[in-house]
Amino acid sequence: MQLYNTLSAKERAALLEEAGQDRLTLSFYQYAKIGNPELFRNHLFIKWNELQVLGRIYVANEGINAQLSLPANQFEAFKEFLDGIYFLEDVRLNIAIEHDLKSFLKLKVKVRNKIVADGLNDETFDVRNKGIHVDAEAFNALIEDPNTVLVDMRNHYESEIGHFKNAVTPDVDTFRDSLDIIEEQLKDHKEEKKLVMYCTGGIRCEKASAYYKHKGFKNVFQLEGGIIEYARQVENKGLDNKFIGKNFVFDHRRGERITDDVIAQCHQCGTACDNHTNCENEACHLLFIQCEECAKTMDNCCSTECQEIIKLPFEEQKALRAGTHNSNKIFKKGRSEKLKFKK
Ligand SMILES: [Zn+2]
Ligand SMILES: [Zn+2]
């Protein structure tokens, strides 16, 4: 069953049957020129609210990036609505493997400067000049090539719980940082090496591939639809699965299991674990990996300091937060000296 672009009526019916009364979790993005993002945003919100869509959607002059869930029985109406918008007709929908009634709790459609915070100055290169898109089968063949360098374009806390075998996984907090690191590592091989990249759903590689071509790389490839689509194709076509562990996702599930391998560890005790959580202390909210045992002994907190704070009366907590309310920006996402087992 193919669940993107060419979803036939029959395939859609099968999908809905499988889902029953459940909600489908899906994501898509499209780079397009949107003249009035505010107006477009309102249009989406009114219609999607009607269809009981929940999720996080970003709209900008450069396009749309959407992660959402909707009742399975509204899927036809949703698809029809998308097809009625010229730049979203037949857009590839990445449909999640695991469906979860609570993946999103609200519908938020926000106007932003960009659909992904990529830190790039788009004026300096042609974002339309992107790399060659490859499907799962072509990707598998490509990464066997000894002349290929496979790069994970995601951040450290994403690749930590799952990545492709033999991928370079830059230890970075932002997409922008990994672009420079990779360029530096490969600067003498721009002509002959095949640069193959992947991310969660493809959106980051779309820009990265254009950027690298602009920087002089001759052979640039990207995994079409990212890990989400790869996992689907591997399952549906019975292909060899080269991904290990979990695919980090940005809804409350935090990760979609692709294989049973647990490649990460609890940041507090070091036991094998790949479940992300946010520190219970609202003023901290640190994203980190915590096993069930530590969650119990630490009251879902990242540190004893945070554990003390959450025991205070609410008003006192609020008073403590005053002036340091940006503390979750001070801590880099997923990093803290308090976490003994964070690599
Ligand atoms: Zn633990
Ligand atoms: Zn904390």
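Notes on the structure in this doc start here. Worth saying up front: this structure is predicted, and the values here are computed from it rather than measured. (Residues numbered from 1 in each chain as written. Chains lettered and ligands numbered in written order. Predicted model: local features only at pLDDT ≥ 70, side-chain atom pairs only at ≥ 80, totals over all residues. Heavy atoms only, no water.)

1. Focus: the coordination of the zinc ion (ligand 1)
Note on metal geometry: ideal angles are 109.5 degrees for four donors arranged tetrahedrally and 90 or 180 degrees for six donors arranged octahedrally. The zinc ion (ligand 1) binds to the protein through Cys266 (SG), Cys269 (SG), Cys291 (SG) and Cys294 (SG), with metal-donor distances spanning 2.3 Å. With 4 donor atoms in place around the zinc ion (ligand 1) and angles of 103 to 116° between them, the coordination shape is tetrahedral. Of note, the donors binding the zinc ion (ligand 1) are all from one chain and are spaced C-x2-C-x21-C-x2-C. Taken together, the positions of cysteine 269 in the loop between strand E12 (255–257) and strand E13 (276–278) and cysteine 291 in the loop between strand E14 (287–289) and helix H9 (292–297) put the pair 22 residues apart, joining distant regions of the chain. Looking at cysteine 269, the relative accessible area reads 35%, which means it is partly exposed. (Donors = N, O, S within 2.8 Å, 3.2 Å for Na, K, Ca; no water. Tetrahedral: all angles 85-135°; square planar, octahedral: opposite > 155°, others 65-115°. Helix = DSSP H or I, 4+ residues; strand = E, 2+ residues; numbered from the N terminus. Buried < 20%, exposed > 50% of the residue type's maximum accessible area, 1.4 Å probe, protein only.)

2. Regarding the nonpolar core
Of all hydrophobic cores here, the largest spans 29 residues; its most connected members are Phe28, Leu44, Trp48, Ile57, Ile64, Leu68 and Phe78. Contact partners of leucine 44, with chain neighbours within four places excluded, come to Asn49, Ile57, Val59, Ile64, Phe81, Ile85 and Val109. (Core = buried A, V, L, I, M, F, W, Y, C linked by side-chain atoms within 4.5 Å. Contact = heavy atoms within 4.5 Å.)

3. Some points on a positive patch on the surface
The grouping of Lys106, Lys108, Lys110 and Arg112 at the surface amounts to a positive patch. Summarising the element assignment, lysine 108 is placed in strand E5 (residues 107–111). The partly exposed category is assigned to lysine 108, whose relative accessible area is 36%. (Patch = residues over 30% accessible without salt bridge, like charges linked within 9 Å, V, L, I, M, F, W, Y side chains within 5 Å. Areas by Shrake-Rupley, 256 points an atom, 1.4 Å probe, with all protein chains shown as cover. Salt bridge = Lys/Arg side-chain N within 4 Å of Asp/Glu carboxyl O. Lys, Arg positive; Asp, Glu negative; His and termini not counted. Charge placed at Lys NZ, Arg CZ, Asp CG, Glu CD.)

4. So, the coordination of the zinc ion (ligand 2)
Protein coordination at the zinc ion (ligand 2): the donors are Cys279 (SG), Cys284 (SG), Cys302 (SG) and Cys306 (SG), at 2.3 to 2.4 Å from the metal. The coordination sphere of the zinc ion (ligand 2) comprises 4 donor atoms, whose angles at the metal cover 104 to 116°; the geometry is tetrahedral. In terms of primary sequence, the donors binding the zinc ion (ligand 2) are separated according to C-x4-C-x17-C-x3-C. Of the two residues, cysteine 284 is situated in the loop between E13 and E14 and cysteine 302 in the loop between H9 and helix H10 (304–311); the sequence distance between them amounts to 18 residues. An identical accessibility class is assigned to cysteine 284 and cysteine 302; each is buried.

5. As for unusual backbone geometry
Of note, the phi angle at asparagine 166 is positive, near 65°, even though the residue is not glycine. One can find asparagine 166 in the loop between strand E8 (162–164) and helix H6 (175–185). One non-glycine residue, histidine 285, adopts positive backbone phi at about 60°.

6. Some points on the sheet that holds strand E7 (residues 148–152)
Strand-to-strand pairing in sheets goes through backbone hydrogen bonds, with the strands running parallel or antiparallel. An order of E6-E10-E9-E7 is seen for the 4 strands of this open sheet, with the pairing classed as parallel. A strand with exactly one partner marks an edge of an open sheet, and here the two such strands are strand E6 (132–134) and E7. Within the sheet, the average angular offset between the axes of one strand and its neighbour, ignoring direction, is 30°. When E7 meets strand E9 (residues 194–198), the two strands line up parallel, connected through 5 bridges. Bridge pairing links aspartate 152 to tyrosine 198 in E9. (Pairing = 2+ DSSP bridges. Axes fitted to C-alpha atoms, helices over the stretch in contact; angles between N-to-C directions.)

7. Some remarks on the packing of aromatic side chains
Going through the model one piece at a time under the given rule, you end up with 16 aromatic pairs. Seen from their ring centres, phenylalanine 125 and tyrosine 211 are 5.6 Å apart, and the 80° between their planes marks the pair as edge-to-face. Pair noted here: phenylalanine 125 is in the loop between E5 and E6 and tyrosine 211 is in helix H7 (residues 203–214), with a separation of 86 residues, a long-range link. Looking at phenylalanine 125, the relative accessible area reads 6%, which means it is buried. For tyrosine 211, a relative accessible area of 6% puts it in the buried group. Considering the side-chain rings of phenylalanine 139 and phenylalanine 164, the 4.8 Å spacing of their centres and the 55° angle between planes classify their relative orientation as tilted. With phenylalanine 139 in helix H4 (residues 136–144) and phenylalanine 164 in strand E8, the pair connects residues that are 25 residues apart, well separated along the chain. Its relative accessible area of 0% is what places phenylalanine 139 among the buried residues. Note on phenylalanine 164: relative accessible area 0%, which makes it buried. (Phe/Tyr/Trp six-rings, centres within 6.5 Å; stacked < 30°, edge-to-face > 60°.)

8. A few points about the pattern of salt bridges
Scanning the entire structure with this criterion turns up 26 salt bridges. For arginine 128, the salt bridge goes to aspartate 126, with nearest N and O atoms at 3.2 Å. Take arginine 128: its relative accessible area is 70%, and that puts it in the exposed class. Taking the relative accessible area as the measure of exposure, aspartate 126 reaches 36% and is therefore partly exposed. Of the charged contacts, one joins lysine 130 and glutamate 206 as a salt bridge, the two residues approaching to 2.9 Å between their closest N and O atoms. Placement of lysine 130 in the loop between E5 and E6 and of glutamate 206 in helix H7 is noted, with a sequence separation of 76 residues between them.

9. Some details on the layout of surface pockets
The space that makes up the second largest pocket amounts to roughly 590 Å³. Lining the second largest pocket are 23 residues, with Tyr31, Ala32, Glu62, Val127 and Arg128 positioned closest to its centre. Of all the elements in the fold, those that place two or more residues in the lining of the second largest pocket are strand E1 (23–31) and H7. For the lining of the second largest pocket, the element with the highest residue contribution is E1, accounting for 3 residues. (1 Å grid on protein atoms, 1.4 Å probe; cavity = no way out; pocket = protein on both sides within 12 Å on 5 of 7 lines; lining within 4 Å. Points joined across faces, edges and corners; volume = space filled by probe spheres on them.)

10. Let's talk about the packing of helix H2 (residues 37–50) against helix H3 (residues 75–83)
In the contact formed by H2 and H3, the axes pass within 11 Å of each other and the chain directions differ by 160°. The orientation of H2 relative to H3 falls into the category roughly antiparallel. Classified by chirality, the crossing of H3 by H2 is right-handed. Residue-level contacts link His43, Leu44, Lys47 and Trp48 of H2 to Phe78, Phe81 and Leu82 of H3. Residues that form the contact of H2 with H3 fall into these classes: 5 nonpolar, 1 polar and 1 charged. (Parallel < 35°, antiparallel > 145°, perpendicular 65-115°, else oblique. Left-handed = near helix turned anticlockwise from the far one by under 90°. Nonpolar A, V, L, I, M, F, W, Y, C, P; charged D, E, K, R; others polar.)

The analysis is restricted to geometry; functional conclusions fall outside its scope.
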